[in-house]
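What follows is the residue order along each chain.
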Amino acid sequence: MLEACKIKKSYLTNEVLRGVDLKINEGERVAIMGPSGSGKSTLLNCMGGIDQPTDGSIYFEDVNLSKLSEEQLCELRRKKISTIFQFFHLLPTLTARENIEFPMLLESVNASDRKKRTNELLDAVKIDHRAEAFPDQLSGGERQRVAIARSLAMRPKLILADEPTGNLDSSNTESILDLIQHLSSAYDIAMVLVTHSKKVTEICDRTINISDGLVIENED
Ligand SMILES: Nc1ncnc2c1ncn2[C@@H]1O[C@H](COP(=O)(O)OP(=O)(O)O)[C@@H](O)[C@H]1O
Ligand SMILES: [Mg+2]
């Protein structure tokens, strides 16, 4: 579904990615591990079309991302590839419910479908009792549940998650991982999870290790 070929990325003279190859198949969960500063977030941002590699190509469903206009990339990110961040990135002036509904508003999903899907997602991430709360009234674990529900709203093919449990305590980490595992299987969504945590790799089909901007190990 997604293929990265010889990806390089430099910031001025700092060569962050030095020729990364990887493939993500439909419906699979892949962990990316590596030391701080090894280029994991940069790689993830390139895969999601948020950032552009300096060299090499990324294909999503056989389309070269570098051939897409900014508008086409935005559409891809709204419909097919969504992202979950370590610090949740919820919109502070919207309630949990409204945050989940927001991507569907942008895509003009009709009101009754929006409502139905939002309720289904609130239920799926077990946050329905907090639906009318604002992000600053929610705990870290609750915010991440809302962010996960929002990332699922447009039923993407791929979710990219940058340290999704990096800001959670161990009990919240476990329940978020259960949720990610369950929902990605139930909705048949591929996931790439950047992480430092062994627990995250346990819910993945394989782990890619990167160091100094190169894939050093690709284990099942
Ligand atoms: N926008 C940027 N401008 C300049 N340097 C950057 C930028 N983003 C990341 N870097 C540098 O790229 C390297 C890799 O960063 P990053 O991909 O965030 O690593 P990781 O996620 O593995 O910790 C670091 O040395 C970082 O300072
Ligand atoms: Mg990072």
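Preceding block: the structure.
Caption draft 1: Layout of the site of ligand 1. Every residue lining ligand 1 is accounted for by Tyr11, Asn14, Val16, Gly34, Ser36, Gly37, Ser38, Gly39, Lys40, Ser41 and Thr42. Only β2 (14–24) and α1 (40–47) provide two or more residues apiece to the shell around ligand 1. Among the elements that line the shell around ligand 1, the one with the most residues is α1, at three residues. Looking at the shell around ligand 1 residue by residue, the class counts come to two nonpolar, eight polar and one charged.

Caption draft 2: Layout of helix α3 (residues 96–106). When we look at burial in α3, the residues that qualify are Ala96, Arg97, Asn99, Ile100, Glu101, Pro103 and Met104. Buried positions along α3 lie against α2 (70–79), α4 (111–124) and α5 (140–152). Following α3 by one or two positions, Ser108 adopts a phi angle in the positive range, close to 55 degrees.

Caption draft 3: Just unusual backbone geometry, in detail. At Asp62, a residue that is not glycine, the phi angle is positive and equals roughly 65 degrees. Tracing the backbone through its elements, the reader meets Asp62 in the loop between β4 (55–60) and β5 (63–64). Residue classification places Asp62 among the exposed positions, given that 7 C-beta atoms sit within 10 Å. With a phi angle near 50 degrees, Glu163 is a residue other than glycine that sits in the positive phi range. Here Glu163 shows up in the loop between β7 (158–162) and α6 (170–186).

Conventions we followed
Residues numbered from 1 in each chain as written. Chains lettered and ligands numbered in written order. Predicted model: local features only at pLDDT ≥ 70, side-chain atom pairs only at ≥ 80, totals over all residues. Near = placed C-beta within 6 Å. Helix = DSSP H or I, 4+ residues; strand = E, 2+ residues; numbered from the N terminus. Nonpolar A, V, L, I, M, F, W, Y, C, P; charged D, E, K, R; others polar. Buried ≥ 20, exposed ≤ 12 C-beta atoms within 10 Å, placed from the backbone. Contact = placed C-beta atoms within 7 Å.

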